[in-house]
Amino acid sequence: GARRLLAVRVIAMRTVGLFGGSFNPPHIAHQLVALYVLETQVDEVWWMPTYSHPFGKDLVAYDHRIAMCELAAAPLGARARVMRTEQELARRPEFVASRTLDLIEHLAAAYPDVSLRLVVGADILGETDKWHRWDE
């Protein structure tokens with residue numbers, strides 16, 4: 001019988017670190033975290049400034065924080081991007097507050113070919129009881 005070769009195409013998923021925060025303002029420690037994650041864990045880091053702080057923290061205007069994050073991410077190269085996804089979510093009628101799980105669910109649906117990783121600081125781990133559906 002005739003033999004057929006089965007061509008298997010392996011597509012490696014991009015791994016993206018979701019680096020969220022108020023970034024009010026972004027600083028050198030944020031850059032160092034993003035660099036470390038890029039060099040050791042992920043293919044890209046997406047900076048995700050929160051649109052409105054879920055715990056009521058006063059924030060500088062969103063556009064200013066976006067601009068500051070762009071300046072902070074620039075030295076890290078093309079693999080570090082600043083995303084306005086939180087602003088997109090805030091425009092939805094059902095928007096209540098910036099919530100990490102809502103962001104992750106939105107991005108997972110929008111980018112099914114990407115493996116998402118959440119990048120959080122150790123300072124956040126003491127506050128997870130306040131987070132919306134943290135266990136998920």
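Summary of the structure given here. Every value quoted in this text rests on a predicted model; they were computed, and no experiment measured them.

## Digging into the nonpolar core
By size, the foremost hydrophobic cluster in this structure holds 17 residues, and its most contacted members are Phe19, Val45 and Trp47. Ranked by residue count, the leading element in this core is helix H2 (residues 62-73), at 5 residues. If we skip the residues at most four places from it in the chain, Phe19 touches His30, Val33, Ala34, Val45, Trp46, Trp47, Met48 and Val119. Listed in part, the 10 residues of the second largest apolar core include Trp46, Met48, Met83 and Leu103.

## Quick word on unusual backbone geometry
Note that the residue after Asn24, namely Pro25, is joined by a cis bond; omega there is 5°. One can find Pro25 in the loop between strand S1 (14-21) and helix H1 (28-40). Of note in the backbone geometry, Phe23 takes a positive phi value of approximately 45° without being a glycine. Along the chain, the position of Phe23 falls in the loop between S1 and H1. A relative accessible area of 2% places Phe23 in the buried class.

## Let's talk about the packing of aromatic side chains
Per the counting criterion, the structure on display carries 5 aromatic pairs. Measuring from centroid to centroid gives 5.3 Å for Phe19 and Phe23, while their planes differ by 80°, and the two rings are edge-to-face. On the basis of relative accessibility, which here comes to 6%, the residue Phe19 falls in the buried class. Note on Phe23 and Trp47: the rings are 5.2 Å apart at their centroids and 35° apart in plane angle, and the pair reads as tilted. Of this pair, Phe23 sits in the loop between S1 and H1 while Trp47 is found in strand S2 (residues 44-49), placing the two residues 24 residues apart along the sequence. Here Phe23 and Trp47 have matching classes, each one buried. Three or more aromatic residues joined by ring pairs make a cluster, and in this case those are Phe19, Phe23 and Trp47.

Parameters at a glance
Residues numbered from 1 in each chain as written. Predicted model: local features only at pLDDT ≥ 70, side-chain atom pairs only at ≥ 80, totals over all residues. Heavy atoms only, no water. Core = buried A, V, L, I, M, F, W, Y, C linked by side-chain atoms within 4.5 Å. Buried < 20%, exposed > 50% of the residue type's maximum accessible area, 1.4 Å probe, protein only. Helix = DSSP H or I, 4+ residues; strand = E, 2+ residues; numbered from the N terminus. Contact = heavy atoms within 4.5 Å. Phe/Tyr/Trp six-rings, centres within 6.5 Å; stacked < 30°, edge-to-face > 60°.

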